[in-house]
Amino acid sequence: MKADTSGYEIAPPRDLNGIGKYYMGRQIAHVMGHEGSSWLERSGRRQEEGTDVLINALKLKPTDVVADIGAGTGFFSFQLAKKVPQGQVLAVDIQPEMIASLKANRRKFNIMNVRPVLGNTTSPALPADSLDLILIVDAYHEFDHPREMGRAIRRALRPGTGRLALVEYRAEDPNVPIKRIHKMTVEQAQKEMAAIGLELAERVETLPQQHLLFFRRPN
């Protein structure tokens, strides 16, 4: 089957923090490398981003199978694992160095229902029709191939009930102290998700700086 690559444009970067590739009018940002992993584990993150509020808003069931895409060192993966003691967390990253950190942290915390998964830029390497929830925190805007990744994510969700929780800094709010290219509007997110067959089901705006948008895969 031929890959669907519509929506892309290659053009000079309007922002030097971008890769010179655009998807549905949005410039894609450079990926944060494993060298910046300390940012993911910074001491003030829980308060700055309201991460406890975010985890609770996911409304996970103990048996849920969850994927954390762009898991990095596992900041969210290991918190999710505690919410799904009879389930599993698939911690996906494309950088082998991050996978190594995930494995080290799994041993350190002794949380065995987290399974590190090495994905690539076009696929998170997740089994089809199997995920109750996929969480993507501040990573989607860095996907080099958002359409291909989006289609793979859609396939991985359980039909009818599977949810994608997309978390991105609010581009509508100039007071959020993040570079514009690392933010997204609700309008842009909804447009990109609709293009791969996901429907906006719920919008949560209780986090200090980010949108929490739930998308569903229809039957």
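Report on the accompanying structure. All of these numbers come straight from a predicted model, not from anything done at the bench. (Residues numbered from 1 in each chain as written. Predicted model: local features only at pLDDT ≥ 70, side-chain atom pairs only at ≥ 80, totals over all residues. Heavy atoms only, no water.)

1. A few points about the pairing of strand β7 (residues 133-137)
Test applied: Per-residue accessibility, obtained with a 1.4 Å probe over protein chains only, is compared with the maximum for each type, and a residue is labelled buried under 20%, exposed over 50%, and partly exposed between these values. Comment: elements are numbered from the N terminus, with helices defined as DSSP H or I runs of at least four residues and strands as E runs of at least two. Two strands pair if DSSP finds at least two bridges between them. Crossovers are described as right-handed under a simple rule: with the strands pointing away from the observer, the path leading from the first strand over the helix to the second runs clockwise.
For β7, a buried count of 5 out of 5 residues is recorded, marking the element as mostly surrounded by other parts of the structure. Going residue by residue along β7, you find Leu-133, Leu-135 and Val-137 tucked away on one face and Ile-134 and Ile-136 tucked away on the opposite face as well. The sheet contact formed by strand β4 (residues 65-69) and β7 spans 4 bridges and is parallel. Bridging across to β7, Asp-68 finds its partner in Leu-135. Across 5 bridges, the pairing between β7 and strand β8 (residues 163-170) is parallel. Counterpart to Val-137 in the pairing with β8 is Val-167. As a crossover connection, the stretch from β7 through helix α6 (residues 146-156) into β8 is right-handed.

2. Some points on the packing of aromatic side chains
What counts, and what does not: Pairing of aromatic side chains requires ring centres within 6.5 Å, counting the rings of Phe and Tyr and the six-membered ring of Trp. Pairs whose planes differ by under 30 degrees are stacked, by over 60 edge-to-face, and all others tilted.
One pass over the structure, following the stated rule, counts 4 aromatic pairs. Ring geometry for Phe-78 and Phe-109: centres 5.3 Å apart, planes at 70 degrees, overall edge-to-face. Highlighted residues: Phe-78 in helix α4 (residues 77-83) and Phe-109 in helix α5 (residues 96-109), separated in sequence by 31 residues. Between the aromatic rings of Tyr-140 and Phe-143, the centroid separation amounts to 5.4 Å while the plane-to-plane angle is 70 degrees, which identifies the pairing as edge-to-face.

3. Examining the nonpolar core
To keep things clear, this is the line we draw: Joining through side-chain atoms within 4.5 Å is the link that ties buried Ala, Val, Leu, Ile, Met, Phe, Trp, Tyr and Cys residues into a set, and such a set is a nonpolar core. We call two residues contacting when some pair of their heavy atoms lies within 4.5 Å.
Formed by 29 residues in total, the largest nonpolar core has its most connected members in Ile-69, Leu-126, Ile-134, Ile-136 and Leu-164. For this core, the secondary structure elements donating two or more residues are β4, β5 (88-93), β7, α6, β8, α7 (186-194) and β11 (210-216). Excluding residues within four positions of it along the chain, Ile-69 makes contact with Val-92, Pro-124, Leu-126, Ile-134, Leu-135, Ile-136, Val-137, Ala-139, Phe-143, Met-149 and Ile-153. In terms of nonpolar packing, the next biggest core, distinct from the first, is built from 28 residues, Leu-54, Ala-71, Phe-76 and Leu-133 among them.

4. A short note on the sheet that holds strand β2 (residues 18-23)
Note the cut-off: Note on definitions: angles span 0 to 180 degrees between N-to-C directions of axes, and those axes are lines fitted to C-alpha atoms, for helices only across the stretch in contact.
Reading across from one edge, β1-β2-β3 is the order of the 3 strands in this open sheet, with antiparallel pairing throughout. In this open sheet, the two strands that pair with only one neighbour each are β1 (8-10) and β3 (26-29). Between one strand axis and the next, the sheet turns through 40 degrees on average, direction left out of account. Both β2 and β3 contribute to a ladder of 3 bridges, which runs antiparallel. Following the sheet pairing, Tyr-23 is matched in β3 by Arg-26. In the packing of α6 onto the sheet, contacts are made with β1, β2 and β3, and the angle to β1 comes to roughly 155 degrees.

5. What about the pairing of β4?
Within a regular strand, the side chains alternate between the two sheet faces. The element β4 is largely enclosed, with a buried count of 5 among its 5 residues. Side chains Val-65, Ala-67 and Ile-69 of β4 all project onto a buried face; the interleaved residues Val-66 and Asp-68 project onto the opposite face, where all are buried too. In the sheet, β4 pairs with β5 via 5 bridges, with the strands oriented parallel. Its bridge partner lying in β5, Asp-68 is registered against Ala-91. For the crossover that starts at β4, traverses α4 and ends in the parallel β5, the hand is right-handed.

6. Digging into the side chain of Gln-188
Keep this limit in mind: Between N or O atoms, a polar contact is any pair within 3.5 Å; within protein, one atom must be a potential hydrogen donor and the other a potential acceptor, and residues adjacent in sequence are included only when both atoms are from side chains.
Along the polypeptide, Gln-188 turns up in helix α7. Residue classification places Gln-188 among the buried positions, given a relative accessible area of 14%. One polar contact links Gln-188 to Glu-192, side chain to side chain, over a distance of 2.7 Å. Apart from the residues lying within four places of it in its own chain, the contact partners of Gln-188 are Tyr-23, Met-24 and Arg-26.

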